[in-house]
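# Fold and contact review
Chain by chain, the residues:
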Amino acid sequence: MGRPRHTLPMTRSIDELLTNTVACNTREDLERKLKAGRPLRVKLGVDPSSADLHIGHSVVLRHMRRLQDLGHQAVFIIGQATAMVGDPSGKNAMRPQLTREDVAANAQTYFDQARLILDMDAVEVVYNSSWFDEMGFMDAIRLGGLMTVARMMERDTFEKRYKAGEAIGIHEFFYPLMQGRDSVEVKADIELGGTDQTFNLLVGRDLMREAGLEPQVCLTLPLLRGLDGTQKMSKSLGNAIGLTDPPRDMFGKAMSLPDELMEEWYKLVTDVPAADAAAAIAASPRDAKVDLARRIVATYHGDEAGASAVEEFERIFRQKGLPDEIPESELPGDMVDDDGVWIIRVLTHLGMAASASAARRLVKEGGVRVDGERVNDEQARVAPGTESLVQVGKRRFHRVTVPAR
RNA sequence: GGGGGAAUGCCCGAGCGGUUAAUGGGGACGGGCUGUAAACCCGUUGGCUUUGCCUACGUAGGUUCGAAUCCUACUUCCCCCA
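### Some thoughts on helix α2 (residues 27–35)
- Every buried residue belonging to α2 is among Asp29, Leu30, Lys33 and Leu34, and all of these are buried. End-on view of α2: buried residues confined to an arc of 130°, all on one side of the axis. Across from the buried face of α2, at angles greater than 90 degrees, the exposed residues are Glu28 and Lys35.
- Those residues of α2 that are buried lie in contact with α1 (14–17), β1 (23–25), β5 (190–194), α10 (198–210) and β6 (217–221).

### With respect to the pairing of β6
- In terms of burial, β6 is largely enclosed, as five of its five residues are buried.
- The two faces of β6 match: Val217, Leu219 and Leu221 on one face and Cys218 and Thr220 on the other face are all buried.
- As judged from the three bridges shared by β1 and β6, these two strands associate in the antiparallel manner. Looking at the pairing, Ala23 lines up with Thr220 of β6.
- The pairing of β5 with β6 spans five bridges and is classified as parallel. Counted as the bridge partner of Ile190 is Val217 from β6.

### Concerning the pairing of strand β3 (residues 73–78)
- A large share of β3 lies buried, amounting to five of its six residues.
- In terms of strand pairing, strand β2 (residues 41–46) meets β3 through six bridges, oriented parallel. In the sheet register, Val42 faces β3, and the bridge partner there is Ala74.
- The parallel pair β2 and β3, bridged by helix α3 (residues 55–69), forms a crossover whose chirality is right-handed.
- Where β3 meets strand β4 (residues 124–127), four bridges bridge the pair, whose relative direction is parallel.

### Quick look at the packing of aromatic side chains
- If you walk through the whole model with that rule in mind, you get six aromatic pairs.
- With 5.2 Å between their ring centres and 55° between their planes, Phe251 and Phe313 make a pair best called tilted. Of the two residues, Phe251 sits in helix α11 (residues 247–255) while Phe313 sits in helix α15 (residues 303–318), which places them 62 residues apart along the sequence.
- With 4.6 Å between their ring centres and 40° between their planes, Phe313 and Phe317 make a pair best called tilted. Separated by four residues within a single helix, Phe313 and Phe317 lie in helix α15, roughly one turn from each other.
- For Phe313, a relative accessible area of 16% gives the class buried.
- The class for Phe317 is partly exposed, based on a relative accessible area of 30%.

### A short note on the protein's contact with RNA strand B
- Neighbouring RNA strand B are 33 residues; Ala167, Met255, Ser256, Arg318 and Arg361 lie closest to it.
- Near the protein, within 4 Å, the atoms of RNA strand B are sugar or phosphate in 68% of cases.
- In this structure, a base nitrogen belonging to RNA strand B sits 2.9 Å away from a side-chain N or O atom of Arg395.
- In this structure, a phosphate oxygen belonging to RNA strand B sits 2.8 Å away from a side-chain N or O atom of Arg396.
- Elements supplying a minimum of two residues to the surface near RNA strand B: α11, α14 (285–301), α15 and α17 (356–364).
- It is α17 that contributes the most residues to the surface near RNA strand B, five residues altogether.
- Partitioning the surface near RNA strand B into residue classes produces 10 nonpolar, nine polar and 14 charged.

The rules we used
Residues numbered from 1 in each chain as written. Chains lettered and ligands numbered in written order. Predicted model: local features only at pLDDT ≥ 70, side-chain atom pairs only at ≥ 80, totals over all residues. Heavy atoms only, no water. Buried < 20%, exposed > 50% of the residue type's maximum accessible area, 1.4 Å probe, protein only. Helix = DSSP H or I, 4+ residues; strand = E, 2+ residues; numbered from the N terminus. Arc of directions from axis to C-beta. Contact = heavy atoms within 4.5 Å. Pairing = 2+ DSSP bridges. Right-handed = clockwise from strand over helix to strand, strands pointing away. Phe/Tyr/Trp six-rings, centres within 6.5 Å; stacked < 30°, edge-to-face > 60°. Near = heavy atom within 4 Å. Polar contact = N/O pair within 3.5 Å; in protein donor to acceptor, adjacent residues only side chain to side chain. Nonpolar A, V, L, I, M, F, W, Y, C, P; charged D, E, K, R; others polar.

Laid out in structure tokens, this is it:
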């Protein structure tokens, strides 16, 4: 990670700064700031209420890395204060205030993951509670006076929710204002965010101007669509690849990506030039996806892990072989009687089925194998004094020892 | 302050006194097929050692032979008027 810093001219190419960006407000401002020749302060807000990063987050982080490599200063705002409001772009209830300890712990987890992409040692970290805690009610009123309802309602999520008859809390109006205030406090030159942040970022420009500062440049990046192929990647939607997912999972999930998204993913999560990616996809969609998946694993787990993930995947799915690591466990003796253990019990005990009913269904559907043999009888038992390989579906394996009586 | 609506299974959403664990999507899971955990096709999707039993339609009661469906109260949410 420790690349030499300040070796590239900060002004090298404005186009490089704009790689993958959807919008830049405004290009003129950006050019002017670059001309000054000083490192620019690049702000990124961190939501400390959840700390699990996925490769959707990596789009913005990768961009931050590019800016770091050009010699600019990354500034992370830990949104301790904003976390209690909750970004209106998501779900909307008032969230409980996180304790200082929670926030610190989540921030640390965030950094540990962001380190996979960024040079974290060179990042300036600021908690926005350090100024919001000092603000009184009157200050908040004054802040509120800088915005109008009409402008606030321009924001499409508010507009949609309002028209749909959904509740909008007054406090939610403060979220963009608070985020904008952060920009004033840290004197941001650039703020990065996904396209869903556009409104919030622009409020920062207004508030900076209001405070007599040069407005920040807002760079928005595309939202990576998740594994379902439609919605933006998000952990709660279950369509995400986590930065800390184990290699096998990362690879498999990437392989389940709909073909149509390959080009987009190549562009946003790898460094492969667009033309090369397009050519590879055209030549062989399957090979291109294997390559994409391998690159993703390699980015977070190293080249070796990438290579072995490919190998393992081929083995399991093309040759119907076994994975490298299979969890093993031994059933407690009191589960065993003379005939062994009922297969349904085995499955639920190992967590391979959510309930006995679910286990029965799996058997009925032909999804259960013991030592490679399909189990068709719901009453089947696993004999005592044996070690068996239990398999559910194509990719869940467990080696289980049934003790003798 | 007044008036009107709504709360259903993981999610969305039908049902509006009487087959029925409750139509239909989505998701998830299983099977088939394959170029992959893509696409496509088929199936499953409350619990329980399951020819049956139990628990379910915001909460608590009530009416009824019988309620998710009717009544009352409560809770939460939304809309309109002021």
